[in-house]
Amino acid sequence: MAVSAGSELDLGVWTVTEDKVRQYLNAVGDEQPAYFDLAMAPPLALSAWSLGALLDQLALPPGAIHSLQGLETYRGVRFGEEIRASAYVTSPRQRGNLKFLSAGYTLTDGAGEQVQSGKSTVLVVDSAEEESGGTKSPQPPITKGGDSGNGGDRYGSMPRVSRTISQERLNAYAQASGDGNPLHLDAEFAANTPFGGIIAHGMLTLAFIGEMMTAELGQAWLETGAIKARFKGAAYLGDDVESWGRKTGDNDSRVEYSVGVWNPASGQDLITGSATARSALA
């Protein structure tokens, strides 16, 4: 890690253009009209751009994988707005030869007001123990497929988003997000990792939940959406994956959902989490 824990990082300033949003949407396959009807960026696009900028400064080892992701949107970001991103990194946690690194980010507008904040945790394998002759520790706790799901019980009335994982899509997402991890792009590198082959970016599969939430809530999601997600499994090239979601609560201020992405062929979860947004627009 190239920066010290606790230090604040300036991730730069960018303008949220229609072309930049369109590139992201094409990469993830999202064709919801709300973004262009409202001239607003998807919340997960803002998060993806922030993480891409953060990766440039963290200098993580090749093959680091996403473990947890959260974000909270305070208002929608319109095309043409200039956004500043900053971040901080916490002290790493070690478990055997597994190291967990967490970083939080904040996005502010031209007036210095927060528009979004988030936190990411990534997992890297520390090879120092093995190189010094120590006992080999367990492999990362994310494997092909992940934990078994709960079949049809997962579904409510929410729209489902289905995608096939292709190398073309991974290449496009790497360009749109700035995440060039070779685990997603380099077959030779990926073959020599515990995964045994190329897997999809975690934030790419999380984008399918973002599309589902936009289809369900529209403007309310773009302006007030929040999500907490755990990455439990890997999507491989050729896998067909699908989002799922069901409403779990609704009160005067927020509507709540249980959400995820799974592999219907294996019945296994790739992402599980929760999402909320304002119940009704003011």
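Preceding this section is the structure that the text describes.
Note that this is a predicted model, so its numbers are computed, not measured.

Peer 1: Explain the environment of Ser162 residue by residue, including any values.
Peer 2: With respect to the helices and strands, the residue Ser162 is situated in strand β8 (residues 162–164). When its relative accessible area of 43% is taken as the criterion, Ser162 is described as partly exposed. Each C-alpha atom of the pair Ser162 and Ser243 lies 6.6 Å from the other, and the pair is 81 residues apart in sequence. Residue contacts for Ser162: discarding those within four places in its chain leaves Val241 and Glu242. Within the structure, Ser162 has its side chain in polar contact with the side chain of Glu242 (distance 3.0 Å).

Peer 1: Lay out the packing of helix α3 (residues 43–58) against helix α7 (residues 202–217) in plain terms, naming residues and giving numbers.
Peer 2: When two helices pack together, their arrangement is given by the angle between the helix axes and by the axis-to-axis distance. Contact pair α3 / α7: the axes reach a minimum separation of 10 Å and the direction vectors enclose 165 degrees. When the interaxial angle is binned, α3 and α7 end up roughly antiparallel. Viewed along their axes, α3 and α7 form a crossing whose handedness is right-handed. Side by side, α3 and α7 meet where Leu44, Ser47, Ala48 and Leu51 of the first sit next to Met203, Leu206, Ala207 and Gly210 of the second. Looking at the contact of α3 with α7 residue by residue, the class counts come to six nonpolar, two polar and no charged.

Peer 1: So what about the pairing of strand β13 (residues 268–278)? Which residues, and what values?
Peer 2: Look at any regular strand and the pattern is simple: side chains alternate between the two faces of the sheet. Where strand β9 (residues 226–231) meets β13, six bridges bridge the pair, whose relative direction is antiparallel. Each residue of the ladder has a partner; that of Lys228, found in β13, is Ser274. Across 10 bridges, the pairing between strand β12 (residues 254–263) and β13 is antiparallel. Its bridge partner being in β13, Val261 is matched across the sheet by Ile271. If you look at the hairpin formed by β12 and β13, you'll find four residues sitting between the two strands, and Gly267 has a positive phi there, around 70 degrees.

Peer 1: So what's going on with unusual backbone geometry? Residues and values would help.
Peer 2: A positive phi is found at Ala39, a non-glycine position, where the angle reads about 55 degrees. Positionally, Ala39 belongs in the loop between α2 (34–38) and α3. Its relative accessible area of 25% is what places Ala39 among the partly exposed residues.

Peer 1: I'd like to hear about the pattern of salt bridges, residue by residue, with values.
Peer 2: Under the definition given, this model contains seven salt bridges. In this structure, Arg22 engages Glu18 in a salt bridge whose closest nitrogen and oxygen atoms are separated by 2.6 Å. You can see Arg22 and its partner Glu18 sitting in helix α1 (residues 18–28), four residues apart, about one turn around the helix. Among the residues examined, Arg22 registers a relative accessible area of 35% and is labelled partly exposed. The class for Glu18 is partly exposed, based on a relative accessible area of 36%. A salt bridge links Glu211 to Arg163, with the shortest nitrogen-to-oxygen separation between them at 2.5 Å. Of this pair, Glu211 sits in helix α7 while Arg163 sits in strand β8; the two residues are 48 residues apart in sequence, bridging distant segments of the chain. Each member of the pair, Glu211 as well as Arg163, is classed as buried.

Rules and cut-offs
Residues numbered from 1 in each chain as written. Predicted model: local features only at pLDDT ≥ 70, side-chain atom pairs only at ≥ 80, totals over all residues. Heavy atoms only, no water. Helix = DSSP H or I, 4+ residues; strand = E, 2+ residues; numbered from the N terminus. Buried < 20%, exposed > 50% of the residue type's maximum accessible area, 1.4 Å probe, protein only. Contact = heavy atoms within 4.5 Å. Polar contact = N/O pair within 3.5 Å; in protein donor to acceptor, adjacent residues only side chain to side chain. Axes fitted to C-alpha atoms, helices over the stretch in contact; angles between N-to-C directions. Parallel < 35°, antiparallel > 145°, perpendicular 65-115°, else oblique. Left-handed = near helix turned anticlockwise from the far one by under 90°. Nonpolar A, V, L, I, M, F, W, Y, C, P; charged D, E, K, R; others polar. Pairing = 2+ DSSP bridges. Salt bridge = Lys/Arg side-chain N within 4 Å of Asp/Glu carboxyl O.

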